[in-house]
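Summary of structural features
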Amino acid sequence: MSDLVVARTRAELAAARAALPSPVAVVMTMGALHAGHAHLIREARSRGESVLVTVFLNPLQFGAGEDLARYPRTLDADLALAAAEGAAVVFAPGPDVVYPDGDPGVRVSAGALGDVLEGASRPGHFDGVLTVVAKLMHLTRADVCLFGQKDAQQLLLVRRMVRDLDLGVDVVAVPTVREADGLAMSSRNRYLSPFDREVALALHRSLSAGEAAAAEGPSAVRRAARDVLRAEPAARVDYLALVDPLTLADVPEHFRGEALLAVAARVGSTRLIDNVPLVIGRAGG
Ligand SMILES: Nc1ncnc2c1ncn2[C@@H]1O[C@H](COP(=O)(O)OP(=O)(O)OP(=O)(O)O)[C@@H](O)[C@H]1O
Ligand SMILES: [Mg+2]
């Protein structure tokens, strides 16, 4: 069995962190862990790093009317998964530990990159994400942090924050882990009914269709992806965007090179996101 240490307070975290061999990799999560999170932990282990997993449902990144209250909470299973994957410490604080004075008055601002795509649908979301990521980087004294490509805009903004604010943490990107049928793993997949689960496949099908049209240029990619989504009206599209992966600006028709095709849609009561990196001008993306 493992010697997983569970820390609930700042003092417990500091003691557990002090005992870890360097370098220390941190995998930040909101809990309800799945194979995507497992992959992040395994990746850090394979790099020879001590792994510290944070499980914190961050109220700051949820808007009014979002799913904070019903978000799945599965701490016992999360601890078992973290232990099985070789994590050394799980830091699972409550909001009172992370925000002892209540909602922080001083926050990290994501800037313009936080206002598009996910940020356009979820105002203030990325300020809440970056604020907690910065705090957790400091509290855990992370050497390395691993983030999933599934949340491409989050990954980009964390990289920008580390650079713009000189946080001195290595940020490692991990490719999206998918179910056998292509659905991107997500804690929110637990909300899906069997019917929703079928409908949700349209996101990945749409991205694959876009990818297959990459050789023909941006409008062909957008058309191919949009046609798939139109054929599945039960997936209510929030955005479908083909953007520059560094600026998140829509790529113009003459664009060739690396781009990001990203989608967000509501399926039943669940909001899902997915994306694929592709190379415009190259067959198969
Ligand atoms: N399918 C996946 N493949 C790779 N990384 C993932 C995947 N899903 C989540 N991650 C990464 O795990 C980290 C923690 O994410 P989080 O706890 O929000 O899980 P989640 O599945 O994205 O949940 P939700 O969909 O509810 O936001 C993030 O870096 C995220 O990008
Ligand atoms: Mg997430």
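Just above, that's the structure.
Figured I'd write up the structure that's included with this text. All of these numbers come straight from a predicted model, not from anything done at the bench.

Where helix 8 (residues 194-212) meets helix 9 (residues 218-230), the closest approach of the two axes is 7 Å, and the angle between their N-to-C directions is 155°. Judged by the inter-axis angle, helix 8 sits roughly antiparallel to helix 9. For helix 8 against helix 9, the interelement crossing comes out right-handed. Together, A202, R205, S206, A209 and G210 of helix 8 and V221, A224, A225, V228 and L229 of helix 9 make up the contact between the two elements. Its residues assigned to classes, the contact of helix 8 with helix 9 shows 7 nonpolar, 2 polar and 1 charged.

This paragraph deals with the sheet that holds strand 7 (residues 235-243). The sheet built from 3 strands is open, its strands ordered 7-8-9 with antiparallel pairing. In the strand order of this sheet, the two ends are held by strand 7 and strand 9 (270-280), each with one partner. Pairwise comparison of adjacent strand axes, ignoring direction, gives a mean angle of 15° for this sheet. Pairing of strand 8 (residues 257-267) with strand 9, which is carried by 11 bridges, proceeds in the antiparallel orientation. Across the sheet, the residue bridging to V267 is T270, located in strand 9. Where helix 9 meets the sheet, its contacts fall on strand 7, strand 8 and strand 9, and the angle it forms with strand 7 comes to roughly 170°.

The strand order 1-4-3-2-5-6 describes an open sheet built from 6 strands, whose pairing is parallel. Of all the strands in the sheet, just strand 1 (5-7) and strand 6 (170-174) have a single pairing partner and so form its edges. Taken over all neighbouring pairs, the strand axes of this sheet differ in orientation by 25° on average, direction set aside. Pairing geometry for strand 3 (residues 50-55) and strand 4 (residues 89-91), over 3 bridges, is parallel. When the sheet's bridge partners are listed, L52 is paired in strand 4 with V89. Strands in contact with helix 1 (residues 10-18) are strand 1, strand 2 (24-29), strand 3 and strand 4; relative to strand 1, the strand with the most contacts, it is inclined by about 145°.

Further remarks concern unusual backbone geometry. With an omega of -5°, the peptide bond running from S22 to P23 counts as cis. Along the chain, the position of P23 falls in the loop between helix 1 and strand 2. Positive phi is not limited to glycine here, since A32 has a value of about 50°. Considering the arrangement of structural elements, one finds A32 in the loop between strand 2 and helix 2 (35-46).

Attention now goes to the packing of aromatic side chains. What the rule picks out here adds up to 2 aromatic pairs. Where F56 meets Y99, the ring centres are 6.0 Å apart and the plane angle is 55°; that geometry is what we call tilted. Of this pair, F56 sits in the loop between strand 3 and helix 3 (75-84) while Y99 is found in the loop between helix 4 (95-98) and helix 5 (118-121), placing the two residues 43 residues apart along the sequence. Assigned by exposure class, F56 and Y99 land together as buried.

Looking now at the nonpolar core. Ranked by size, the top nonpolar core spans 46 residues in total, and within it M28, L52, V133, M137, C145, F147 and V158 carry the most contacts. It is helix 6 (residues 125-140) that provides the largest number of residues to this core, a total of 8 residues. Excluding residues within four positions of it along the chain, M137 makes contact with M28, A142, C145, V158, M161, V162, L167 and V169. Counting 26 residues, the second largest nonpolar core, distinct from the first, contains V221, A259, V267 and L278.

A separate point is the pattern of salt bridges. Scanning the entire structure with this criterion turns up 11 salt bridges. Between E85 and R42 there is a salt bridge, with its nearest N and O atoms 2.9 Å apart. Taken together, the positions of E85 in the loop between helix 3 and strand 4 and R42 in helix 2 put the pair 43 residues apart, joining distant regions of the chain. Residue R42 is classed as partly exposed on the basis of its relative accessible area of 41%. Here R122 and E66 are joined by a salt bridge, their closest N and O atoms 2.5 Å apart. Taken as a pair, R122 in the loop between helix 5 and helix 6 and E66 in the loop between strand 3 and helix 3 lie far apart in primary sequence, 56 residues in all. By sharing partners, the salt bridges in this structure join E118, D238 and R271 into a single network.

What counts, and where the lines are drawn
- Residues numbered from 1 in each chain as written.
- Chains lettered and ligands numbered in written order.
- Predicted model: local features only at pLDDT ≥ 70, side-chain atom pairs only at ≥ 80, totals over all residues.
- Heavy atoms only, no water.
- Axes fitted to C-alpha atoms, helices over the stretch in contact; angles between N-to-C directions.
- Helix = DSSP H or I, 4+ residues; strand = E, 2+ residues; numbered from the N terminus.
- Parallel < 35°, antiparallel > 145°, perpendicular 65-115°, else oblique.
- Left-handed = near helix turned anticlockwise from the far one by under 90°.
- Contact = heavy atoms within 4.5 Å.
- Nonpolar A, V, L, I, M, F, W, Y, C, P; charged D, E, K, R; others polar.
- Pairing = 2+ DSSP bridges.
- Phe/Tyr/Trp six-rings, centres within 6.5 Å; stacked < 30°, edge-to-face > 60°.
- Buried < 20%, exposed > 50% of the residue type's maximum accessible area, 1.4 Å probe, protein only.
- Core = buried A, V, L, I, M, F, W, Y, C linked by side-chain atoms within 4.5 Å.
- Salt bridge = Lys/Arg side-chain N within 4 Å of Asp/Glu carboxyl O.

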